[in-house]
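# Geometric and topological summary
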Amino acid sequence: MIKKLPQSQSLAVVLLLSLLLLLLSPQWLVLQRGQDLSQWLRLGLLPATMLLLLLLSLQRSPGRSVWLWLPLALLVPQEWFYQLTYGKATDAHAMAIIFETDLAEAAGYLSGIGWLLFAALLGILLLFGLTSSVLLVAQLHWPRFCRPLIWGCTLVGLGWVTLQERQYAIDYPLDPQADATQTALSRRPLPQSHNLFYQSFPLNLLLAGNEYRVQQQALSAVAVKSRNFQFGAAQPEVLGERQIYVLVIGETLRPDRLQLNGYARATTPELASIPGVISFKDMISPWAWTRMSVPVIISRKTAANHSYFFDEKSLVAAFGEAGFRTYWLSTQSPLGVHDSSVALHASEADEVQYLNPVGYKKEGFYDEVLLDAFQRVLAKQEQKQLIVLHTLGSHFSYTDRYPPAFDRFLPSGKGQKIGMHDKANRELLSNAYDNTVLYTDFIIAGLIRQLQQQQAIASLLLVSDHGENIFDGDCDKSGHGHNTEFDYRVGALWLGSELFSQQFPEKTRQLSLAARQPLLTSQTFHTMLQLADIHYPSQQSKLSFASPAFVPQPRLLWTGVDFDHAAKTGQCRQLPQGQAVLGQN
Ligand SMILES: [Zn+2]
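None of these values were measured; they are calculated from a predicted model. (Residues numbered from 1 in each chain as written. Predicted model: local features only at pLDDT ≥ 70, side-chain atom pairs only at ≥ 80, totals over all residues. Heavy atoms only, no water.)

With that settled, consider the state of the cysteines. For the structure shown, the criterion picks out one disulfide. For Cys-475, the disulfide goes to Cys-572, at an S-S distance of 2.0 Å. For the disulfide bridge between Cys-475 and Cys-572, the dihedral angle about the S-S bond is near 100 degrees, and by the sign convention the bridge is right-handed. Here the residue Cys-475 occupies a position in the loop between β8 (469-470) and β9 (478-479), and Cys-572 occupies one in the segment after α21 (524-531), the gap between them amounting to 97 residues. Under the relative-accessibility criterion, Cys-475 is labelled buried at 0%. Of the cysteine sulfurs around Cys-146, a residue in no disulfide, the closest is that of Cys-153, at 10 Å. Since its relative accessible area comes to 28%, Cys-146 is described here as partly exposed. Cys-153 gets classed as partly exposed once you look at its relative accessible area, which sits at 41%. (Disulfide = S-S within 2.5 Å. Helix = DSSP H or I, 4+ residues; strand = E, 2+ residues; numbered from the N terminus. Buried < 20%, exposed > 50% of the residue type's maximum accessible area, 1.4 Å probe, protein only.)

Printed below as a string of structure tokens:
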């Protein structure tokens, strides 16, 4: 090192160190959330520091290579914001939200801190400019052995990661039956490095970015298969009125917990006070996992089809063919193991908005963000609209799904960490679950009120994706996917506007009849299209429970078992396993 300007050299070192601290600062938040110190040092701070040093060592003069840090440094404020707000590091879900949602319209991600963010970014830019010029003026260079030392350490680190990956591939072999796309989207365990470094800023950004890219590519590959698919759907031009068709995909909503269906608690006070709401008391879903049960609701995918992705498009595309402007508003996740099969169909819509930057794993935003988004869509006053809302509803953790004002059935354990699988929490879970239903009542009633203010032929259908076990009776099960009666029974309801009933009195009458008929969520596709008078060559009116031609169907589950004729044994009301292999979740 040339010792010319010792004073400016020490200033340069101080500036460089402050940049390093800035870049590593989000790591401190991870430690604050209670991560084990040695783990934090080993898998958080150390690899991140190595990455930064590697970048800095790519040129002999740090005054030049320091600019390689700039893109990462500019992301530091967003990482702080994200971690402080949502309690986790930026992941592929966050990336998808950022890249795929119109932020200006979405739920106000970053809202209110725009100027603060701008100031922070400007400050960072100035700091880089200053540091680089001081480093250059001071002619600070890497000492001779430093760079090879950093490269050597990096190689050792990469070697270690490679060994970890190899062991991981042995421990978690890929399913040889699954094709490449399914593996990427549904079955692929994340690389081990992802599990190790996902909280280590800025490594998490690289990992999340890569994860997002791989999933997007796989999803596009699936979408190609059905790209040219057409229903040949059309709507006869007889209606002069505006038309709005709404499908709300409910989450984990049990029919027996609805006051509307006779539940003793007042869980649906608002819906109970709206005249004309028809509650379908005997509907089942043939699947009990979101990623399998939602495609069955919105497309013609049958219960017997066990592949993750369907070759046909969904009702979203069919409405599009019939001249509707189509919207998909969601508080669920745009990608990942549980969501890609739904996201595939969401992408058929003219406009897709993912409104919850967190997904179901944390509290995130409540479903009420959908009310504002819904209002914005209605305000467009388009003549023909289809609006699909994918809610988080009653997804576990129950207490994360509703704001404090809806914490009515107590004790619910809101604000505490309540384990789902500990039977001792039975009462808390049951109360919290009822609070989620109370909140869903508020959401659905809110949508209905907005719809009633429109002068339109309007229809709102709510269908839940599956049910839930909540340690019912002496049953030792909680959650869903246990092949019990509680898994398959779902809450569902419908309301049409006055204009709808005037236009289609026979459909309204049939829907009242359907309130007590045995229904399947898989009839939703046929019902939605028939409600809107959309016709297509392969149409089957007997599958629409809004059609006078409706014929109740045998209710076959994904296991091949006939739900109505099979024995339901024990306190859990367990169904027989049938032909399918259980536990493939
Ligand atoms: Zn679900």
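On to the side chain of Ser-279, then. Note that Ser-279 resides in strand β2 (residues 278-279). Residue Ser-279 is classed as buried on the basis of its relative accessible area of 5%. Side chain to side chain, Ser-279 and Asn-261 meet in a polar contact 2.6 Å long. In this structure Ser-279 touches Leu-258, Leu-260, Asn-261, Ala-492, Leu-493 and Ala-515, once residues within four positions along its chain are discounted. (Polar contact = N/O pair within 3.5 Å; in protein donor to acceptor, adjacent residues only side chain to side chain. Contact = heavy atoms within 4.5 Å.)

This part is about the coordination of the zinc ion. Note on the zinc ion: its protein donors are Glu-251 (OE), Thr-290 (OG1), Asp-465 (OD) and His-466 (NE2). The metal-donor distances range over 1.9 to 2.1 Å. Note that the zinc ion binds four donor atoms; their angles at the metal cover 101 to 128 degrees, and the shape is tetrahedral. All donors of the zinc ion come from a single chain, and their spacing in sequence reads E-x38-T-x174-D-H. Of the two residues, Glu-251 is situated in the loop between β1 (242-250) and α12 (269-272) and Thr-290 in helix α13 (residues 290-298); the sequence distance between them amounts to 39 residues. Neither residue differs from the other here; Glu-251 and Thr-290 are each classed as buried. (Donors = N, O, S within 2.8 Å, 3.2 Å for Na, K, Ca; no water. Tetrahedral: all angles 85-135°; square planar, octahedral: opposite > 155°, others 65-115°.)

Turning next to the packing of helix α2 (residues 37-56) against helix α8 (residues 146-171). Their axes nearest at 10 Å, the elements α2 and α8 cross at an angle of 135 degrees. Relative to α8, the element α2 is oriented oblique. The hand of the α2/α8 crossing is left-handed. Note on element contacts: α8 touches α2 through Ile-150, Trp-151, Cys-153, Thr-154 and Trp-160, opposite Leu-43, Met-50, Leu-53 and Leu-54. Broken down by class, the residue content of the contact of α2 with α8 amounts to eight nonpolar, one polar and no charged. (Axes fitted to C-alpha atoms, helices over the stretch in contact; angles between N-to-C directions. Parallel < 35°, antiparallel > 145°, perpendicular 65-115°, else oblique. Left-handed = near helix turned anticlockwise from the far one by under 90°. Nonpolar A, V, L, I, M, F, W, Y, C, P; charged D, E, K, R; others polar.)

Read across the open sheet, the three strands follow the order β10-β3-β12; overall the sheet is mixed. The open sheet terminates on both sides in strands that have one partner only, identified here as β10 (489-490) and β12 (519-520). Where strand β3 (residues 283-284) meets β12, two bridges bridge the pair, whose relative direction is parallel. Across the sheet, residue Met-283 finds its bridge partner in β12, namely Leu-519. (Pairing = 2+ DSSP bridges.)

Here we take up the pattern of salt bridges. Counting across every chain of the model gives 17 salt bridges. Here Asp-434 makes a salt bridge to Arg-265, at a shortest N to O gap of 2.7 Å. Here Asp-434, found in helix α17 (residues 426-452), pairs with Arg-265, found in the loop between β1 and α12; they are 169 residues apart in sequence, far enough to count as distant. In this structure, a network of salt bridges that share partners links the residues Asp-282, Glu-485, Arg-489, Arg-555, Asp-564 and Arg-573. (Salt bridge = Lys/Arg side-chain N within 4 Å of Asp/Glu carboxyl O.)

Extensive coverage of strand β6 (residues 384-390) is indicated by the burial of seven of its seven residues. Burial of β6 is two-sided: the residues Lys-384, Leu-386, Val-388 and His-390 facing one way and the residues Gln-385, Ile-387 and Leu-389 facing the other way are all buried. When β1 meets β6, the two strands line up parallel, connected through seven bridges. Directly across from Val-246, in β6, lies its bridge partner Ile-387. Two elements, strand β4 (residues 325-330) and β6, share six bridges in a ladder whose sense is parallel. Looking across to β6, one finds that Thr-326 is bridged to Leu-386.

What follows deals with the environment of Ala-432. Within the secondary structure, Ala-432 is located in helix α17. When its relative accessible area of 2% is taken as the criterion, Ala-432 is described as buried. The spatial distance from the C-alpha of Ala-432 to the C-alpha of Arg-408 is 8.6 Å, given a sequence separation of 24 residues. Excluding its chain neighbours within four sequence positions, the residues that come into contact with Ala-432 are Tyr-398, Thr-399, Tyr-402 and Ser-412.

All right, on to the nonpolar core then. With 69 residues, the main nonpolar core has Tyr-245, Phe-280, Leu-315, Phe-319, Trp-328, Met-528 and Phe-545 as its most contacted residues. Setting aside anything within four residues of it in sequence, one finds Phe-280 in contact with Leu-461, Val-490, Ala-492, Leu-493, Trp-494, Leu-511, Ala-514, Ala-515, Leu-519 and Phe-545. Listed in part, the 48 residues of the second largest apolar core include Leu-389, Ala-432, Leu-438 and Leu-462. (Core = buried A, V, L, I, M, F, W, Y, C linked by side-chain atoms within 4.5 Å.)

The next subject is the sheet that holds strand β11 (residues 492-496). Spatially, β2-β11-β7-β1-β6-β4-β5 is the arrangement adopted by the seven strands of the open sheet, whose pairing is mixed. What marks the edges here is a single partner per strand, and that holds for β2 and β5 (351-354). Pairing analysis gives four bridges linking β4 to β5, with the strands arranged parallel. The residue of β5 that forms the bridge with Ser-330 is Tyr-354. Those strands touched by α13 are β1, β4, β6 and β7 (456-464), and its axis lies near 155 degrees from that of β1.

What follows is about the confidence of the model for the protein. Residue-level pLDDT values for the protein average 89, and 91% of them are 70 or greater. Considering only residues more than four positions removed or in separate chains, one finds that residues 103-108, a stretch of pLDDT under 50, has twelve contacts. (pLDDT = per-residue confidence, 0-100.)

Further remarks concern the environment of Leu-163. Along the chain, the position of Leu-163 falls in helix α8. You can call Leu-163 exposed: its relative accessible area is 55%. Between the alpha carbons of Leu-163 and Gln-192 there is a distance of 10.0 Å; along the sequence they are 29 residues apart.

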